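# Analysis of the macromolecular model
Residue strings, one per chain:
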Amino acid sequence: MASHAPVKPLRIVLAKVGLDGHDRGVKVVARALRDAGYEVIYTGLRQTPEMVVEAALQEDAQVIGLSLHSGAHMTLFPAVIEELKRREAEDIVVFGGGIIPDEDIAELKRMGVAEIFTPGTPLQDIVDWLRRRFPEPGAPAPSAASS
Amino acid sequence: MNGRRDLVAEFRSGNVRGLARAITLVEQRDPSARRLLTALGGELRRPRVVGFTGAPGTGKSTLVDALVALLRRRDRTVAVIAVDPNSPYSGGAILGDRIRMQGHALDPGVYIRSMGARGHLGGLSVATREAVRLLGAFGFQHVILETVGVGQSELEVAAIADSTAVVLTPGSGDGVQMIKAGIMEIADVFVVNKADLPGAQRTVQEVRNLLSLGPKLEWRPPIVTTVAATGEGVEELLEAFERHREHLERSGEGRRRAEARLKDEAADLVAEWARAEARRLLDEDRELAARLLRDRVPYAAADEILTRRLTPGAVDRSSPPAGRGEEARPERS
Ligand SMILES: Nc1nc2c(ncn2[C@@H]2O[C@H](COP(=O)(O)OP(=O)(O)O)[C@@H](O)[C@H]2O)c(=O)[nH]1
Ligand SMILES: [Mg+2]
């Protein structure tokens, strides 16, 4: 079926959770995602898990990206996952970035975090991961080489 | 992903996700949105709608935040639609207006929705109008629209709002520029925000001078000075919106605008439907497409499409446009 409807871009809520106060990193990610064609809803600093999930619901976002560098990842990520369950919105995909040790990454993935990107990950890896996870109809899949 | 069939139930349950999904469907011009709007029928009361437009950084989002706070103190429920431009290169966008509205993030009496200006089939105004209607049906008493005044979107949004505020700042030369760019005509209220900065009174005077050059109008747009960051002047701003509303009612201008809006909307829907149908016919009817390509000009093909779709009894075995159901078929008349 030929469709001429413009495909609405994937919507991603990007949030900085926890108490640490700078957002340079998350803004760089926001620009990379915009340049990859996504609509990024940036909600700012010091978000609580409840605020992040509420924003994702109001914005009808399919994806939540969390940035945190405060070391509280083992409480904040699970809190977001829990809140999504409580709001019956487990279909929203959560990924994150931060200084997180490998063993914690494995544990977070078991809990339901879809992917974690550690500092130094090329931005393109995040874009490629999203493209694989949410393939556009008709768009060529990115090469798997970068994962 | 299961939400399609019980969209109406989900919407009526008051679950914010039902509202959020419905707005997405409206943005995507999905046929199920039309079914929802039809099902909601009499519940589609119109909220009070005000719009803010102005150059980036003039403090629109901060003002919206302050106005939301004021309305909440008066126990009114408020929804915000904040429109930002998309990147012309990628189509993506960074929608950052929520940052200034975090104080209302967990207030169930407030709903905030960010929208990219582009990618709306049939234009931003069609989607925004229907979103406003959904917000009213969901129970919001006020809707505030924010758009960046640099392109087309502020004109489209101004056509939807009952009252539109143009936001200027001191010393930036915005005033003169905006007015040159034809923004003057859409201002029901002028806001000089950042009145804590030097030069605010001069900007007020500039706008006043420019207004006095224009024709004598029944409604003279007031100029309100605000400091959005502290909420200073926001009561006066709400007061100005109220007086404009009274003027609209008293003068009959409100009714005229409402009628014009409905006519626009009906025409837009027909245009949207017609474009989709024409595209579909051109995709499906090879001979028609071949004739068009041979002609090298579109007039004969356009005429033929119109005739085929509008003439009662014209043979068209193709399906009716998605979501319109039987009522759209000409042979019933
Ligand atoms: N000095 C001053 N700054 C303000 C005022 N209102 C907003 N701002 C600042 O102006 C910047 C842009 O505000 P924002 O609301 O995002 O503007 P928008 O792009 O028009 O939505 C922010 O840094 C605000 O803190 C004000 O009344 N006075
Ligand atoms: Mg803004």
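Structure: above.
Summarised in this report is the structure supplied together with it. (Residues numbered from 1 in each chain as written. Chains lettered and ligands numbered in written order. Predicted model: local features only at pLDDT ≥ 70, side-chain atom pairs only at ≥ 80, totals over all residues. Heavy atoms only, no water.)

### Notes on the interface of chain B and chain A
Our working rule: Contacts: residue pairs with any heavy atoms within 4.5 Å of one another. What counts as buried area is the accessible surface, traced by a 1.4 Å probe, that two parts surrender upon association, with contributions from both included. Whenever Lys or Arg places a side-chain nitrogen within 4 Å of a carboxyl oxygen from Asp or Glu, that contact is recorded as a salt bridge. Residues adjacent in sequence count toward polar contacts only when both atoms are side-chain atoms; beyond that, a polar contact is any pair of N or O atoms within 3.5 Å, and within protein one must be able to donate a hydrogen and the other to accept it. Following the grouping adopted for this structure description, the nonpolar residues are Ala, Val, Leu, Ile, Met, Phe, Trp, Tyr, Cys and Pro, the charged ones are Asp, Glu, Lys and Arg, and the polar ones are all others, Gly among them. Paired strands, as defined in this entry, are two strands with at least two bridges between them according to DSSP. Here a helix means four or more residues in a row that DSSP labels H or I, a strand means two or more in a row labelled E, and each is numbered from the N terminus.
At the junction of the two partners, chain B supplies 33 residues and chain A supplies 34 residues. Between chain B and chain A lies a buried interface of about 2800 Å² when both sides are counted; carbon and sulfur atoms form 53% of it. Connecting chain B to chain A are two salt bridges. Two residues, Arg98 of chain B and Glu59 of chain A, come together in a salt bridge whose shortest N-O distance is 2.7 Å. At the surface where chain B touches chain A, the tally comes to 17 residue pairs in polar contact (both at pLDDT 80 or more). Residue composition of the side of chain B that touches chain A, grouped by class: 12 nonpolar, 13 polar and eight charged. The pairing of strand S2 (residues 39–42) of chain A with strand S3 (residues 93–95) of chain B spans three bridges and is classified as parallel. Among the inter-strand pairings, Val40 of chain A is bridged to a residue of S3 of chain B, identified as Ile94 of chain B.

### A short note on the pairing of strand S4 (residues 110–116) of chain B
Residue and element names in this part refer to chain B. The test is simple: For every residue, the accessible area (1.4 Å probe, protein chains only) is compared with the maximum for its type, and the residue is labelled buried under 20%, exposed over 50%, or partly exposed between those bounds.
Counting buried residues along S4, seven of its seven residues qualify, which places the element largely inside the surrounding structure. Relative to S4, strand S2 (residues 78–84) is paired through seven bridges, and the arrangement is parallel. Paired with Asp84 across the two strands is Gly116, which belongs to S4.

### With respect to the pattern of salt bridges
Where charged atoms from two side chains of opposite charge approach closely, those side chains can pair. Under the definition given, this model contains 36 salt bridges over all chains. We note a salt bridge from Glu235 of chain B to Arg74 of chain B, for which the minimum N-O separation is 3.3 Å. Of this pair, Glu235 of chain B sits in helix H9 (residues 234–251) while Arg74 of chain B sits in the loop between helix H4 (60–73) and S2; the two residues are 161 residues apart in sequence, bridging distant segments of the chain. Given the relative accessible area of 45%, Arg74 of chain B is considered partly exposed. Through salt bridges with shared partners, one network takes in Arg11, Glu39 and Glu59 of chain A together with Arg98 of chain B.

### Focus: the coordination of the magnesium ion (ligand 2)
Tetrahedral metal sites with four donors have an ideal angle of 109.5 degrees; octahedral sites with six donors have ideal angles of 90 or 180 degrees. Residues and elements named next belong to chain B. Quick reminder of the rule: Counted as donors are N, O and S atoms no farther than 2.8 Å from the metal, or 3.2 Å for Na, K and Ca; water is not among the atoms, and sites may therefore look incomplete.
Distances from the magnesium ion (ligand 2) to its protein donors, namely Ser61 (OG), Asp97 (OD) and Glu146 (OE), fall within the range 2.1 to 2.2 Å. Mapped onto the sequence, the residues coordinating the magnesium ion (ligand 2) show the spacing S-x35-D-x48-E. Residue Ser61 is located in helix H4, and its partner Glu146 is located in strand S5 (residues 142–148); the two are separated by 85 residues in the primary sequence. With respect to burial, Ser61 and Glu146 carry one shared label: buried.

### Here we look at the nonpolar core
If you look at soluble globular proteins, the nonpolar side chains tend to sit buried side by side. Formally: Only buried residues count toward a nonpolar core, which is a set of Ala, Val, Leu, Ile, Met, Phe, Trp, Tyr and Cys residues joined through side-chain atoms within 4.5 Å.
Among the nonpolar cores identified, the biggest contains 59 residues, and Leu66 and Phe77 of chain A together with Tyr111, Leu134, Leu135 and Leu145 of chain B are the most heavily contacted of them. Once residues lying within four places of it in the same chain are set aside, the contact partners of Leu66 of chain A are Ala15, Val17, Val52, Phe77, Val80, Val94, Phe95, Gly96 and Gly97 of chain A. Counting residues in each nonpolar core, the second largest holds 26 residues, with Leu63, Val64, Ile112 and Val167 of chain B among its members.

### Focus: the packing of aromatic side chains
All names here are of chain B. Rule in force here: Only centres within 6.5 Å qualify two rings of Phe, Tyr or Trp (six-membered ring in Trp) as a pair; their planes then separate them into stacked at under 30 degrees, edge-to-face at over 60, and tilted for everything else.
Per the counting criterion, the structure on display carries seven aromatic pairs over all chains. With centroids separated by 6.2 Å and ring planes inclined at 45°, the aromatic side chains of Tyr111 and Phe140 adopt a geometry described as tilted. Separated by 29 residues along the polypeptide, Tyr111 in strand S4 and Phe140 in the loop between helix H5 (124–138) and S5 bring together distant segments of the chain. Of the two residues, Tyr111 and Phe140, neither departs from the other in class, the shared state being buried.

### So, the pairing of strand S6 (residues 163–168) of chain B
All names here are of chain B. Most of S6 is tucked away: six of the six residues are buried. Burial along S6 is two-sided: the residues Ser163, Ala165 and Val167 and Thr164, Val166 and Leu168 are all buried. With five bridges joining them, strand S1 (residues 48–54) and S6 adopt parallel strand pairing. Within S6, the residue paired with Thr53 across the bridge is Val166.

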